[in-house]
Amino acid sequence: MPSFKLITPKNFISLVEKQKGSTTSRVIPIDSTWYLPNLNRNGHQEFLNDERIPGAVYFDIDGVKDTSSPYPHMAPDLATFNKAMSQLGIQRDDVLVVYDRIGNFSAPRCAWTLALFGHPSVYLLNNFKAYKEREKLPLETDVRTKDSEYPPTDYKSDVDLRDKEVVSYEELLQLVQNKELKKKFNVFDARALPRFEGNAPEPRPGLPSGHVPGAQPLPFINVLDKEWLTYPSTAEEMKAKLTEAFKELNDEFDPKKETICMCGTGVTGAIIKGALELADIPNVRLYDGSWTEWAIRVKDDRTLIAEGRD
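Below is a short write-up of the structure. Here the structure is a predicted model, which means the values were calculated and not measured.

Some words on the side chain of S290
Then step 1. Looking at where S290 falls in the secondary structure, it is placed in helix α12 (residues 290–297).
Then step 2. Classification of S290 as buried rests on a relative accessible area of 0%.
Then step 3. Among the polar contacts listed, one links the side chain of S290 to the backbone nitrogen of C263, at a separation of 3.0 Å.
Then step 4. Beyond its immediate sequence surroundings of up to four residues, S290 is in contact with M262, C263, G264, T265 and G266.

Focus: the environment of D225
Then step 1. For D225, the location among the structural elements is in the loop between β8 (216–217) and α10 (235–249).
Then step 2. The exposure class of D225 is partly exposed, given its relative accessible area of 31%.
Then step 3. Sequence separation of D225 and K241 is 16 residues, and the distance between their C-alpha atoms is 9.2 Å.
Then step 4. D225 has contacts with T230 and K241, leaving out every residue within four places of it along the chain.
Then step 5. Here the side chain of D225 touches E227 through a polar contact of 3.0 Å, landing on its backbone nitrogen.

Some details on the nonpolar core
Then step 1. By size, the foremost hydrophobic cluster in this structure holds 52 residues, and its most contacted members are F59 and L242.
Then step 2. Secondary structure elements with two or more residues in this core: β2 (27–31), α3 (78–87), β4 (95–99), α4 (107–116), β5 (122–125), α10, α11 (269–278) and β10 (284–287).
Then step 3. Sorting elements by how many residues they give to this core places α4 first, with 6 residues.
Then step 4. Three or more residues apiece are contributed to this core by two domains, here domain 1 (5–159) and domain 2 (163–304).

Considering the packing of aromatic side chains
Then step 1. Applying the stated criterion across every chain, the model contains 13 aromatic pairs.
Then step 2. For the ring pair F12 and Y131, a centre distance of 6.3 Å and an interplane angle of 55° mean the geometry is tilted. Here F12 is found in helix α1 (residues 9–19), whereas its partner Y131 is found in helix α5 (residues 128–134), with 119 residues between them in sequence. For the pair F12 and Y131, a shared accessibility class is recorded, and that class is buried.
Then step 3. Seen in terms of ring centroids, F105 and F220 are 5.6 Å apart; in terms of plane orientation they differ by 65°. Their pairing is edge-to-face. In this pair, F105 is assigned in the loop between β4 and α4 and F220 in the loop between β8 and α10, connecting sequence segments 115 residues apart.
Then step 4. One aromatic cluster is present, built from ring pairs that chain together F12, Y99, F128 and Y131.
Then step 5. Sitting over the face of the ring of F47, R52 holds its NZ or CZ atom 5.3 Å from the ring centroid.
Then step 6. One Lys or Arg, R134, reaches over the ring of W228 and ends 4.8 Å from the middle of that ring.

Describing the packing of helix α7 (residues 169–177) against α12
Then step 1. Where α7 contacts α12, the axes come no closer than 11 Å and their chain directions differ by 65°. Note that α7 runs across α12; the crossing there is right-handed. Two secondary-structure elements touch here, α7 through Y169, E170, L172, L173 and V176 and α12 through E293, W294 and R297.
Then step 2. The residue makeup of the contact of α7 with α12, split by class, is 5 nonpolar, no polar and 3 charged.

Things to note about empty space enclosed by the protein
To find leftover empty space, one rolls a probe the size of a water molecule over the atoms.
Then step 1. If you walk through the whole model with that rule in mind, you get 1 cavity of 30 Å³ or more.
Then step 2. The space that makes up the largest cavity amounts to roughly 50 Å³.
Then step 3. Around the largest cavity sit F59, I61, V64, K65, H73, M74, R109 and T113, which together line it.
Then step 4. By residue class, the composition of the lining of the largest cavity is 4 nonpolar, 2 polar and 2 charged.

Here's the deal with the environment of Y58
Then step 1. Among the secondary structure elements, Y58 is positioned in strand β3 (residues 57–58).
Then step 2. Exposure remark for Y58: the relative accessible area of 4% places this residue in the buried category.
Then step 3. C-alpha separation for the pair Y58 and F185, spaced 127 residues apart in sequence, amounts to 35 Å.
Then step 4. If near-sequence neighbours (up to four positions away) are discounted, Y58 is found in contact with D31, S32, T33, G43, H44, F47, L88 and D147.
Then step 5. Reaching out from Y58, the side chain makes a polar contact with the backbone oxygen of T33 at a distance of 2.6 Å.
Then step 6. Here the side chain of Y58 touches H44 through a polar contact of 3.3 Å, landing on its backbone nitrogen.

With respect to the sheet that holds strand β9 (residues 258–262)
Then step 1. A sheet is described by the order of its strands in space; here 5 strands give the open sequence β6-β10-β9-β7-β8, paired in parallel fashion. This sheet does not close on itself; its edge strands, each paired only once, are β6 (166–167) and β8.
Then step 2. The pairing of strand β7 (residues 185–189) with β9 spans 5 bridges and is classified as parallel. In the strand pairing of β9, N186 is matched with T259.

Calculation criteria
Residues numbered from 1 in each chain as written. Predicted model: local features only at pLDDT ≥ 70, side-chain atom pairs only at ≥ 80, totals over all residues. Heavy atoms only, no water. Helix = DSSP H or I, 4+ residues; strand = E, 2+ residues; numbered from the N terminus. Buried < 20%, exposed > 50% of the residue type's maximum accessible area, 1.4 Å probe, protein only. Polar contact = N/O pair within 3.5 Å; in protein donor to acceptor, adjacent residues only side chain to side chain. Contact = heavy atoms within 4.5 Å. Core = buried A, V, L, I, M, F, W, Y, C linked by side-chain atoms within 4.5 Å. Domains from an automatic or database assignment. Phe/Tyr/Trp six-rings, centres within 6.5 Å; stacked < 30°, edge-to-face > 60°. Lys NZ or Arg CZ within 6 Å of the ring centre and 35° of its normal. Axes fitted to C-alpha atoms, helices over the stretch in contact; angles between N-to-C directions. Left-handed = near helix turned anticlockwise from the far one by under 90°. Nonpolar A, V, L, I, M, F, W, Y, C, P; charged D, E, K, R; others polar. 1 Å grid on protein atoms, 1.4 Å probe; cavity = no way out; pocket = protein on both sides within 12 Å on 5 of 7 lines; lining within 4 Å. Points joined across faces, edges and corners; volume = space filled by probe spheres on them. Pairing = 2+ DSSP bridges.

Okay, structure coming up:
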């Protein structure tokens, strides 16, 4: 299931202008900026205090999640999702354009969540950095006190695709223990190569680095333009970008296998999942708990934390 469609900054502005005065739907920018904890930055506060695309609301991936889980970004249940969308004043027929102020970092995770619960029209802005610095398009800079200026709605989705789209720890563990993971799946990890190889610390104190046995590295920066952090604009260009990355990283990709993507906490894994889908590769799922869940739950069995390439 593709999580989103790409939209350029200029086409986004054209879409907003086209929809002005429409009585059937609205175009609403969704700011989902999130930073790794070791950066000591707060995307939510920056949205309120610094700058945003006009009319944007803030979707907090640290808040809209499974709050009963000890792991950082587990997908919420349907009731939690509906409540969050209602509080933001979102309607089912709204066209949602997701972005983050880094470029394409946490926005693909937000877009994936929106698609997971069946919002009909989800775009990913490609991307805010180009919108602001290259195209110099309008921004709001007034201080906000609320995540949304829209009145609350009664948002109701009855779509929940978690069983189809999310890989559980238990499923992954069984595949690893049975030595079937690499045989049956392409598994890609979006973290930086030194973390994947166990040669650099994780941003979360006390968490060992390494990787799931059978996984291959696909750092998210390898699927984006390194200057602008944009995705390639066509499926053919995305395929070429992935082919280049696989060759550089000595990765194997078997198109006959299903694919699992992961990262540190399920955020940048959505970047590489999006890249594969934009290249028209089907059957791509996300391991939601990602390395944080895996490393904590297998901490007493070092054979399940591979260091270096398998």
